[in-house]
Structures are given as C-alpha cells and as structure tokens.
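# Fold and geometry: a report
So you can see what is in the structure, the chains are spelled out below.
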Amino acid sequence: MSTTQPIRTSEDLLKFKNYYSCITPLGERNRLLIIMGLNTALRISDILHMRWNVVYNFTTSKFRSHIEIVEQKTGKRSMIALNDTLREALECWFSVKSPASADYIFESTRGKNPIDRHQAYRVIRKAAVQCDLSEHISCHSLRKTFGYHAWKNGIAPASLMDIFNHSSYRITMRYLCINQDDRDAVFTNIQL
C-alpha cells in the first residue's frame, strides 16, 4: 500500500483544482470540496460535516472572515481565515444551492446528510486520475498539499506543526513528504 502524497507541482495542482469546473450538475460542489481541503488544511471528516452557518452569516448576508470549528479528531478549536480562492468557490456553490443556515455544505443528493468519506474519496480520486497524477492521491492529500506548498513558500515547519495539531516536529516533517528532489533543490540553490 502506498503512502498518501501531496500534489507537488503548481501545474498539476491547477489542473486538479479546476477539473470539476466544467462538469455539471455537481461540479461546483466537488470543486469546492477540493478547494476547501487545499485551503483549510482540515481533515476530510471536519470538512464534510461543516454547515453553511460556519462560513456564512445569514443575518448580515455575508461570508465570514474565518471558519471556526472544533476539530473532531483532536477536540481542539481552530480558526481558519477564508482566503479569496476559498471565498470565491464558496460563493459559486452558495449561488447554485441557495442553502439554509443548517444545511451541510457538501450535502448528498440522496437527502439532507453530508456526503460520506467514500464519496469524497471518489470525487478526489476521479480528479486525480483524470489529471494523470501518478502519486497516490486521496482525501488526506489535500491536507498534505497545503502543508507541502506552505513549506515550499517559506512557512516555518513549527507553524505548520501548530496548524496540523501535531505533537512533534518529526511528525510534521514526515507529513510534508519531503523527497530527494526537494533535498536536491536545497543543495543546488544554496551556493555559499
């Protein structure tokens, strides 16, 4: 069994994020699932159980500036800023759905429950396969991709350790899936 990997290149990431853009009727929902996973670093279980009132204030008719949740696995409270990419994806799906505040963001077509982990996996795997991503891409790849690209953009691993709620620096470093190409880039770019 192979280990879940992040999506490493910007080109692959762009293809993957936009795979569902032109697919209807659930393309916007599926695209939002991918974008939310990539931009929040939340576990898929937390994403799937999120309701609209967590991201949208129905009293003011505006999207919130932050997502505030208690993570299911750790029981810890997390506040995550909504970036422009995530806000735009939320706005697109919101305009299609016209939801009530208690509706799940990723509602199943078979009722008022959220899609399950298996359906989320199928959504992500289909996009990965169609985009010819050779690595093992799964739901957890979204979270790992966030960390990998944050690290590549200079975010300190200690900050990522806090974001991921990891208990040790070693876990975070292993989680980032740093490979030999990443190590080689350090040695070729640092010329003292």
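Structure: see above.
Nothing here was measured: the structure is a model prediction, and the numbers come from that model. (Residues numbered from 1 in each chain as written. Predicted model: local features only at pLDDT ≥ 70, side-chain atom pairs only at ≥ 80, totals over all residues. Heavy atoms only, no water.)

## Observations regarding unusual backbone geometry
Operational definition: Runs of E in the DSSP output that reach at least two residues are strands. Runs of H or I that reach at least four are helices, and both are numbered from the N terminus. We call a residue buried when its accessible area falls under 20% of the maximum for its residue type, exposed when it is over 50%, and partly exposed in between, using a 1.4 Å probe and counting protein chains only.
Of note, the phi angle at Ala 41 is positive, near 60°, even though the residue is not glycine. Mapped onto the fold, Ala 41 is located in the loop between helix H2 (27-40) and helix H3 (44-48). Looking at Ala 41, the relative accessible area reads 2%, which means it is buried. The residue Ser 61 is not glycine, and still its phi comes out positive at about 60°. Tracing the chain through its elements places Ser 61 in the loop between strand S1 (56-57) and strand S2 (62-63).

## A short note on the pattern of salt bridges
To keep things clear, this is the line we draw: Just to be clear on terms, a salt bridge is a Lys or Arg side-chain nitrogen sitting within 4 Å of an Asp or Glu carboxyl oxygen.
One pass over the full model with this rule turns up 5 salt bridges. Salt-bridge contacts for Glu 68 lead to Arg 77; the nearest nitrogen and oxygen are separated by 3.3 Å. For Glu 68, a relative accessible area of 41% gives the class partly exposed.

## Some details on a nonpolar patch on the surface
Keep this limit in mind: For patch building, the residue pool is restricted to those with more than 30% relative accessible area and no salt bridge; the joining distance is 9 Å between like charges and 5 Å between nonpolar side chains (Val, Leu, Ile, Met, Phe, Trp, Tyr). Residue burial considers only the protein chains on display, and all accessible areas are found by Shrake-Rupley using a 1.4 Å probe.
A contiguous nonpolar patch, built from Val 186, Phe 187, Ile 190 and Leu 192 and spanning about 530 Å² of accessible area, is present on the exposed surface. Along the chain, the position of Ile 190 falls in the segment after helix H10 (180-189). A relative accessible area of 53% means that Ile 190 is categorised as exposed.

## A word on the nonpolar core
This is how it is decided: What makes a nonpolar core is a set of buried Ala, Val, Leu, Ile, Met, Phe, Trp, Tyr and Cys residues whose side-chain atoms join them at distances within 4.5 Å. Only heavy atoms matter for contacts: two residues are in contact if any of them lie within 4.5 Å across the pair.
If you look at the biggest cluster of nonpolar residues, it comprises 43 residues, and the most contacted ones within it are Phe 16, Leu 90 and Ile 105. Every element with two or more residues in this core is listed here: helix H1 (10-18), H2, H3, helix H4 (52-55), strand S3 (66-70), helix H5 (84-97), helix H6 (117-130) and helix H7 (139-152). Excluding anything up to four places from it in sequence, Phe 16 contacts Ile 7, Ile 34, Ile 124, Ala 127, Ala 128, Cys 131, Leu 133, Ile 137 and Leu 142. Formed by 6 residues, the second largest nonpolar core is a distinct cluster that contains Ala 150, Phe 164, Tyr 175 and Leu 176.

## What about the side chain of Asn 30?
Tracing the backbone through its elements, the reader meets Asn 30 in helix H2. Setting aside anything within four residues of it in sequence, one finds Asn 30 in contact with Tyr 20 and Val 123.

## Observations concerning the side chain of Arg 29
As a reminder, the rule being used: Charged-residue counts in this description rest on Lys and Arg as positive and Asp and Glu as negative, His and the chain ends being excluded. A 3.5 Å cut-off defines polar contacts: any pair of N or O atoms within that distance qualifies, except that in protein one atom must be a possible hydrogen donor and the other a possible acceptor, and neighbouring residues in sequence count only when both atoms are side-chain atoms.
Summarising the element assignment, Arg 29 is placed in helix H2. Of the side chains with opposite charge, Glu 107 comes closest to the buried, unpaired Arg 29, at an N-O distance of 8.4 Å. There is a polar contact of 3.2 Å between the side chain of Arg 29 and the backbone oxygen of Glu 107. With near-sequence residues (within four places) excluded, Arg 29 lies in contact with Trp 93, Phe 106, Glu 107, Ser 108, Thr 109, Ile 115 and Gln 119.

## Observations concerning the pairing of S3
We count it as follows: At least two DSSP bridges between two strands are needed for those strands to be called paired.
On S3, burial follows the alternation: Ile 67 and Ile 69 on one face are buried, whereas His 66, Glu 68 and Val 70 on the facing-out side are not. One ladder, built from 5 bridges, connects S3 with strand S4 (residues 77-81); its direction is antiparallel. Paired with Val 70 across the bridge in S4 is Arg 77. Linking two consecutive strands that pair antiparallel, namely S3 and S4, is a turn of 6 residues; a positive phi of about 75° is found at Gly 75 within it.

## Remarks on H6
Quick note on the threshold: In this scheme, a helix's expected span is set at 1.5 Å multiplied by one less than its residue total.
The end-to-end C-alpha distance of H6, which contains 14 residues, comes to 20 Å, matching closely the 20 Å that a straight helix rising 1.5 Å per residue would cover. Of the surrounding elements, those touching the buried residues of H6 are H1, H2, H3 and H7. N-cap assignment for H6: the residue whose side-chain oxygen lies 3.2 Å from the backbone N of His 118 is Asp 116. At the exit of H6 stands Asp 132, carrying a positive phi of roughly 55°.

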